[in-house]
Amino acid sequence: MRALVAAALATTLAAGPAAAELDQSDATAFVSTHKLVIAAPPEKVWDTIARPSLWWSKDHTYSGDSANISWDTRPGGCWCEKLDGGAVEHGRTLYAVRGKTLRLSGAFGPLQSGAVTATMTFALKPEGQGTALTVTYVVGGFHPAGLATLAAPVDGVIAAQMPGLKAAAERAE
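Residues numbered from 1 in each chain as written. Predicted model: local features only at pLDDT ≥ 70, side-chain atom pairs only at ≥ 80, totals over all residues. Heavy atoms only, no water.

Participant: How would you summarise the sheet that holds strand S6 (residues 101-105) if you had to cite specific residues and measurements?
Facilitator: Ordered by their spatial adjacency, 8 strands build an open sheet running S1-S2-S8-S7-S6-S5-S4-S3, and the pairing between neighbours is antiparallel. Since the sheet does not close on itself, it has two edges, and those belong to strand S1 (22-26) and strand S3 (69-71), each with one partner. Pairwise comparison of adjacent strand axes, ignoring direction, gives a mean angle of 15 degrees for this sheet. Taken together, the 3 bridges between S3 and strand S4 (residues 78-83) define a ladder with antiparallel strand orientation. Each bridged residue has a counterpart across the sheet, and for Ser70 the counterpart in S4 is Cys80. Of the strands in this sheet, strand S2 (29-38), S3, strand S5 (86-97), S6, strand S7 (115-127) and strand S8 (130-142) touch helix H2 (residues 42-49), which is tilted by about 155 degrees from S7. In the packing of helix H3 (residues 147-170) onto the sheet, contacts are made with S1, S2, S7 and S8, and the angle to S2 comes to roughly 15 degrees. (Pairing = 2+ DSSP bridges. Helix = DSSP H or I, 4+ residues; strand = E, 2+ residues; numbered from the N terminus. Axes fitted to C-alpha atoms, helices over the stretch in contact; angles between N-to-C directions. Contact = heavy atoms within 4.5 Å.)

Shown next as structure tokens:
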């Protein structure tokens, strides 16, 4: 198990420098917040968020292919990834109001191997002709590597997804 955690952490660290949006971090919890303005209406941004295969980096998948990721945004629905011979559940939908809020419970990446509860919220608000998006990931519990150790790398992975999300939502259809 220790080797699995070390490998997952190394992969996460390879993602690049951590974003400055890590609000709080200690051995048992952290909060990561990312804000951006997207030049698209809230409904289109929500629809884009609901299709992570359009914006989630293949470098942060188990399968190596973002096309294998899907998200059923109905409460209880799965953010899942197809694998050769299997699958992984990254999270479950908790709350969904189109154009406003999309929330899921799920310990992504190296967090899955701990006793961790994690909630990611996508909050959308109209701003001019676009959308102000706030993505908040609240994580708490126990992990053998220590959540303080994982906070910055996990925050960095979330930060790395934001340009792809913005580009996908702003793309003309």
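Back to the write-up after that little detour.
Participant: If you had to explain the side chain of Asp155 to someone new, which residues and values would you point to?
Facilitator: Mapped onto the secondary structure, Asp155 falls in helix H3. Among buried charged residues, Asp155 stands out as having no salt bridge; its nearest opposite-charge side chain is Lys35, 13 Å away. Polar side-chain contacts of Asp155 include one of 2.8 Å to the side chain of His34. (Buried < 20%, exposed > 50% of the residue type's maximum accessible area, 1.4 Å probe, protein only. Lys, Arg positive; Asp, Glu negative; His and termini not counted. Salt bridge = Lys/Arg side-chain N within 4 Å of Asp/Glu carboxyl O. Polar contact = N/O pair within 3.5 Å; in protein donor to acceptor, adjacent residues only side chain to side chain.)

Participant: Talk me through the pairing of S4; I want residue IDs and the actual numbers.
Facilitator: Linking S3 to S4, which pair antiparallel, is a turn of 6 residues; within it Gly76 sits at a positive phi near 90 degrees. Relative to S5, S4 runs antiparallel, the two sharing 6 bridges. Residue pairing across strands places Glu81 opposite Val88, the latter belonging to S5. Hairpin connection from S4 to S5: 2 residues lie between these consecutive antiparallel strands, with Gly85 at a positive phi of about 75 degrees.

Participant: Go over the nonpolar core with me, naming the residues and quoting the values.
Facilitator: Formed by 37 residues in total, the largest nonpolar core has its most connected members in Ile49, Leu111, Phe122, Leu133 and Tyr137. The set of elements that each furnish at least two residues to this core consists of S2, H2, S3, S6, S7, S8 and H3. A per-element tally of this core places H3 first, with 10 residues. Among residues more than four places away in sequence, those in contact with Ile49 are Trp55, Trp71, Leu102, Phe122, Leu124, Leu133 and Leu165. (Core = buried A, V, L, I, M, F, W, Y, C linked by side-chain atoms within 4.5 Å.)

Participant: Let's hear about the state of the cysteines: which residues, and what values?
Facilitator: Under the criterion given, the structure shown has 1 disulfide. Across the disulfide from Cys78 sits Cys80; the S-S distance is 1.5 Å. Between Cys78 and Cys80, the disulfide has an S-S torsion of 90 degrees and is therefore right-handed. The class for Cys80 is partly exposed, based on a relative accessible area of 21%. (Disulfide = S-S within 2.5 Å.)

Participant: Quick rundown of the pairing of S5? Include the residues and the values.
Facilitator: Two elements, S5 and S6, share 5 bridges in a ladder whose sense is antiparallel. When the sheet's bridge partners are listed, Ala96 is paired in S6 with Leu102. Hairpin remark: S5 followed by S6, antiparallel, with 3 residues in the connecting loop; positive phi at Gly99, about 85 degrees.

Participant: Go over the packing of H2 against H3, please, and point to the residues and values.
Facilitator: The contact between H2 and H3 brings their axes to 9 Å, and the two run at 125 degrees. Comparing the axis directions of H2 and H3 gives the class oblique. Judged by the twist between their axes, the crossing of H2 over H3 is right-handed. In this structure, H2 contributes Lys44, Val45, Thr48 and Ile49 to the contact, and H3 contributes Leu165, Ala168, Ala169 and Glu170. Its residues assigned to classes, the contact of H2 with H3 shows 5 nonpolar, 1 polar and 2 charged. (Parallel < 35°, antiparallel > 145°, perpendicular 65-115°, else oblique. Left-handed = near helix turned anticlockwise from the far one by under 90°. Nonpolar A, V, L, I, M, F, W, Y, C, P; charged D, E, K, R; others polar.)

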